[in-house]
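Now for the letters of each chain:
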Amino acid sequence: MAGALTSTAAPAASRRGVACTALGTGAVLAFAAITWLVGWRQGLLWLIGLGYGVLLSAAAFGFTTGWRVWITRRDPKGLWAQFVGIAVAMLLSVPLLAAHPELDAADGPLSLSLVVGAFVFGAAMQVADGCGSGTLYKAGLGHPVSLAVLPAFVFGSFVGAAQLPAWLSLGAWPPLNLVQALGAGWTLAAQLTALAVLAALLWRWRGTAPSRWSGAAVWVAAVGLGLLAAANLAVAGQPWGIVYGLGLWGAKIAQALGVDLQHNAFWGQPVQQAQLHASVLADNTSVTDLGLLLGALIAASAKGKACPTVRLPRRQWLAAIVAGLLLGYSSRLAFGCNVGAYFSGIATGSVHGWVWFGCAFAGSLLGVRLRHRLGMAD
Amino acid sequence: MRQRWIGVLVFWAAVLALLWADWHGSTPHDRFAEPPPLALGHGPAADAGHCSLAPSSR
């Protein structure tokens with residue numbers, strides 16, 4: 001028996017080694033190509049994106065699952081890990097932003113669209129079983145549902161951005177950034193206190209079931225994501241984001257299919273037209289998104305967890321794809337997803353990040369119920 | 001096992017094909033007008049987009 005196990009495990013390990021070597025070589029070649037063709041800044045962002053993908057995939061670091069297991073089982077570990085990641089990114093980013101006004105925070109307006117978009121996003125991410133980063137990393141490692149959700153997410157982001165000016169006309173206040181309003185010290189004190197209070201409340205109301213995450217991997221991933229997010233700010237001049245890149249890909253595909261975007265209120269703006277006519281490799285968010293996709297596949301291949309088999313009834317496939325459309329659309333209304341608004345917004349002192357968190361969590365309470373009604377497992 | 005990889009291979013083939021088509025269909029990139037490697041001290045690229053930016057922010 002032991003001999004049989006060894007004889008099947010050895011070829012599997014060997015295949016994993018070959019796959020990882022091939023993918024790792026591809027990642028290095030892509031770094032060289034991007035750096036040569038576009039420049040060092042984009043090459044460095046590719047490496048940062050790879051890091052995001054490796055950490056998210058290796059630790060199964062999920063924003064969606066973290067929220068869901070708290071709602072259903074009062075398991076606080078996923079949310080704690082998110083707070084740790086945000087805190088690490090904040091401790092590095094806030095002083096940088098205070099000392100370097102040339103860097104941009106993730107400042108979104110406080111608008112009706114933010115409230116509606118974040119609520120819908122929070123609900124849809126539970127049905128699609130993936131948020132912005134989750135859908136990307138799971139698509140990268142070959143999860144069939146995320147591979148189906150991603151094109152819908154891309155199309156939804158494109159349409160959401162196209163209609164964003166109309167949504168903003170319904171009511172919006174300008175962005176409010178705590179670093180500018182209070183200074184670095186008070187911003188850190190206020191926001192770290194808020195995260196600590198939330199973490200303590202999660203501890204107070206924790207359940208008794210064993211956590212979904214065991215070991216130190218989730219903490220390593222949280223700290224690593226925080227460090228990479230700060231590096232993202234220093235290299236790109238703007239925080240980590242996901243959905244702008246996805247919307248841009250959708251707009252480029254639409255433009256290639258003959259859709260005239262020159263007169264659109266969003267995509268027709270000079271800065272967006274410049275992006276639409278340049279390569280996606282020149283766009284910061286696109287490069288980190290692409291790196292994240294490949295990094296996730298590398299990490300999953302190393303653990304033998306790439307390309308999982310999933311069997312779902314047709315109704316659940318359809319629900320996931322519709323949820324993907326809503327994810328894309330609503331994330332543009334909400335000025336970001338769990339990464340661009342929640343993680344980066346809070347880490348760079350933007351009040352819209354906190355509003356996003358509250359509204360999206362409320363949406364997730366509904367999304368978990370919808371998920372159960374559709375017969376989806378936790 | 002091989003069947004499980006078909007989906008991801010098709011996905012990556014599509015990504016590479018789209019990137020190739022995009023590169024050749026886009027305005028040629030001036031390799032020697034690239035910004036400094038770090039935005040720290042220099043600022044982001046003038047046309048850099050982010051999810052949190054309102055339409056008229058830049």
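Quick note: structure is the one above.
Residues numbered from 1 in each chain as written. Chains lettered and ligands numbered in written order. Predicted model: local features only at pLDDT ≥ 70, side-chain atom pairs only at ≥ 80, totals over all residues.

Q: Can you break down the overall build of chain B residue by residue, with the values?
A: Looking only at helices and strands, chain B has 1 helix and 0 strands in total. The buried share of chain B, taken over its 58 residues, is 17%. (Helix = DSSP H or I, 4+ residues; strand = E, 2+ residues; numbered from the N terminus. Buried ≥ 20, exposed ≤ 12 C-beta atoms within 10 Å, placed from the backbone.)

Q: Account for helix α10 (residues 217-236) of chain A, with residues named and values stated.
A: Residues and elements named next belong to chain A. Over its 20 residues, α10 runs 27 Å from end to end, which matches the ideal 28 Å to within 8%, given 1.5 Å per residue. The buried count for α10 comes to 14 of 20 residues, which makes it a mostly enclosed element. G237 sits one or two residues past α10 and shows a positive phi near 85 degrees. (Expected span 1.5 Å × (residues − 1).)

Q: Summarise the interface of chain A and chain B; cite the residues concerned and give the values.
A: Between chain A and chain B, the residue contacts involve 60 residues of the former and 31 residues of the latter. When grouped by side-chain class, the residues that make up the side of chain A that touches chain B number 34 nonpolar, 20 polar and 6 charged. (Contact = placed C-beta atoms within 7 Å. Nonpolar A, V, L, I, M, F, W, Y, C, P; charged D, E, K, R; others polar.)

Q: Please provide a residue-by-residue account of unusual backbone geometry, values included.
A: Residue and element names in this part refer to chain A. For A60, which is not glycine, the phi torsion reads 50 degrees and is therefore positive. With respect to the element layout, A60 can be found in the loop between α2 (40-58) and α3 (63-73). Judged by the 20 C-beta atoms lying within 10 Å of it, A60 falls in the buried class. Positive phi is not limited to glycine here, since R74 has a value of about 55 degrees. Counting through the fold element by element, R74 comes out in the loop between α3 and α4 (77-99).

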